[in-house]
Amino acid sequence: MSKALSGYRILDFTHVQSGPACTQLLAWFGADVIKVERAGEGDVTRSQLRDIPEADSLYFTMLNGNKRSITLNTKNQKGKAVLEKLIKECDVLVENFAPGALDRMGFSWERIQELNPKMIMASVKGFGPGPYENCKVYENVAQCAGGAASTTGFDDGPPLVTGAQIGDTGTGMHLALGIMAALIQRQTTGRGQRVLAAMQDAVLNLCRVKLRDQQRLDRTGVMKEYPQYPDTPFGEAVPRAGNASGGGQPGSVLKCKGWETDPNAYIYFIAQAPVWEAICKVIGKEEWLADPEYATPATRLPHLKSIFATVEEWTKTKTKFEVMDILNEFDIPCGPILSMKEIAEEQSLRDTGTIVEVDHPVRGKYLTVGNPIKLSDSPTEVTRSPLLGEHNEEVLSQLGYSSADIADLRSEGVIS
Ligand code: COA
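Residues numbered from 1 in each chain as written. Predicted model: local features only at pLDDT ≥ 70, side-chain atom pairs only at ≥ 80, totals over all residues. Heavy atoms only, no water.

Under an unreviewed UniProt entry, the name given to the chain is Formyl-CoA:oxalate CoA-transferase, and the organism recorded is Oxalicibacterium solurbis. Heading Catalytic activity (unreviewed entry) of the UniProt record for the chain holds this comment: "formyl-CoA + oxalate = oxalyl-CoA + formate". (UniProt positions renumbered as here; feature names shortened; annotations may be inferred.)

Okay, structure coming up:
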């Protein structure tokens, strides 16, 4: 069966997380992704956070499925010649080196266009043009520079980074979308183009609602759905809102049965206006229905803390799954706080291919997150990550190198 990106060839010059997350997605959609790694050591994540000696780490294996791997010293003349051939043969080059690294290697955008005018060159960088454009950036730097950290956490605590890798994988997803748009435009122009996704920009895009709130704060000096209201004065910048809902419907994390010993015995509860009557009835507070202080979303805002505390008295008598079942009967939006252990064991995520078990020749079976985007005509089949240089012979012979040429490249350390 054909796949959405069958026939497209990606020169994957990525490492660590942001770039590899992008190219893995393209591979799941059917592109032939050729990962070019440093001869000898490969992507640094192969050996980072190792849980099994000598086996590629989960960090690497979970970001590089469905790819082919070749090793190549691209600072060596013969290595550069191989890279030139690859540039001529591929549709897209994806890279996330430090700023300027590709130019120093001799592959500027101008040079790449000379080699292949149809080439789409897609880059992740920490920052776009400006004062920080030459900086090296990792996940948490992007979360801090993109507005996520200053708006995450509690009012009386320091800025917090989130476990979701919005700077790395988040930027990789933005880059993948840019690549798709450039491939579609190439069909009419016949030309390639540069695609840039800066990590600060991607995080800010995901923090759009906080820039919305900054402007509301500038105009009115107060945001009534924030937990600061009505007791704590607002400052000049959007404050950290704890677990308050980011949207127009108030919400909070509430304790459930077992919270004293289980760090995840909590539920996220949303006091959605259309189901207010059902909420009052379910938790046994019918008297709120006749009370003008609780009659509308606006009149309830100053009472949110006590409303959530009252609902919590009810949720504390039930497990998070019991709360989920009861509230969903009345269409009251809520969600259990699921631990990674619970998610890993969730059968429905296995059934949809969102969590997949893969077999690896060195590490054995491991779990990975499969393709979160489902296409009806392009099903994803997740395969294991490649060993370092596993496809050297295969790729080089496809490029026209003979067995003797390949042996020479190996003996000279150009490949390993
Ligand atoms: N053969 C020979 N040399 C190679 C090579 C190959 N196959 N692949 C990479 N290299 C070289 C590069 O040319 C570079 O050399 P130079 O510094 O002499 O120009 C060198 O390896 C190191 O690359 P660099 O990207 O600087 O790696 P780093 O480990 O020092 O920095 C990052 C890592 C992630 C901080 C940096 O790459 C970066 O800021 N990337 C952009 C933002 C990003 O994606 N961050 C998130 C990562 S998840």
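Peer 1: Break down the site of the ligand for me, citing the residues and quoting the values.
Peer 2: Near the ligand, the surroundings consist of 23 residues, among which Lys 75, Ala 98, Arg 104, Lys 136 and Val 137 are the closest. The separation between a nitrogen atom of the ligand and a polar side-chain atom of Thr 74 is 3.0 Å. Within the contact set of the ligand, a nitrogen atom lies 2.7 Å away from a backbone nitrogen or oxygen of Val 137. For the ligand, whose unbound accessible area comes to 940 Å², protein coverage reaches 85%. (Near = heavy atom within 4 Å. Polar contact = N/O pair within 3.5 Å; in protein donor to acceptor, adjacent residues only side chain to side chain. Areas by Shrake-Rupley, 256 points an atom, 1.4 Å probe, with all protein chains shown as cover.)

Peer 1: If you had to explain the environment of Asn 134 to someone new, which residues and values would you point to?
Peer 2: The residue Asn 134 is located in the loop between strand 5 (120–125) and helix 6 (139–145) in this model. In this structure, the C-alpha to C-alpha distance between Asn 134 and Pro 99, residues 35 residues apart in sequence, is 5.5 Å. (Helix = DSSP H or I, 4+ residues; strand = E, 2+ residues; numbered from the N terminus.)

Peer 1: Account for the UniProt feature "active site" (unreviewed entry) in the chain, with residues named and values stated.
Peer 2: Here the UniProt-annotated "active site" (unreviewed entry) positions come out as Asp 168. Apart from residues lying up to four places away in sequence, Asp 168 is in contact with Gln 17, Ser 18, Glu 139 and Met 199. (Contact = heavy atoms within 4.5 Å.)

Peer 1: Any details on the UniProt feature "binding site: substrate" (unreviewed entry) in the chain? Residues and values, ideally.
Peer 2: Under the local residue numbering, the UniProt record ascribes the feature "binding site: substrate" (unreviewed entry) to Gly 247, Gly 248 and Gln 249. Examined against the element boundaries, Gly 247 turns out to sit in the loop between helix 9 (208–220) and strand 7 (251–255). Gly 247 gets classed as partly exposed once you look at its relative accessible area, which sits at 34%. Overall, the relative accessible area of 32% leaves Gln 249 in the partly exposed class. (Buried < 20%, exposed > 50% of the residue type's maximum accessible area, 1.4 Å probe, protein only.)

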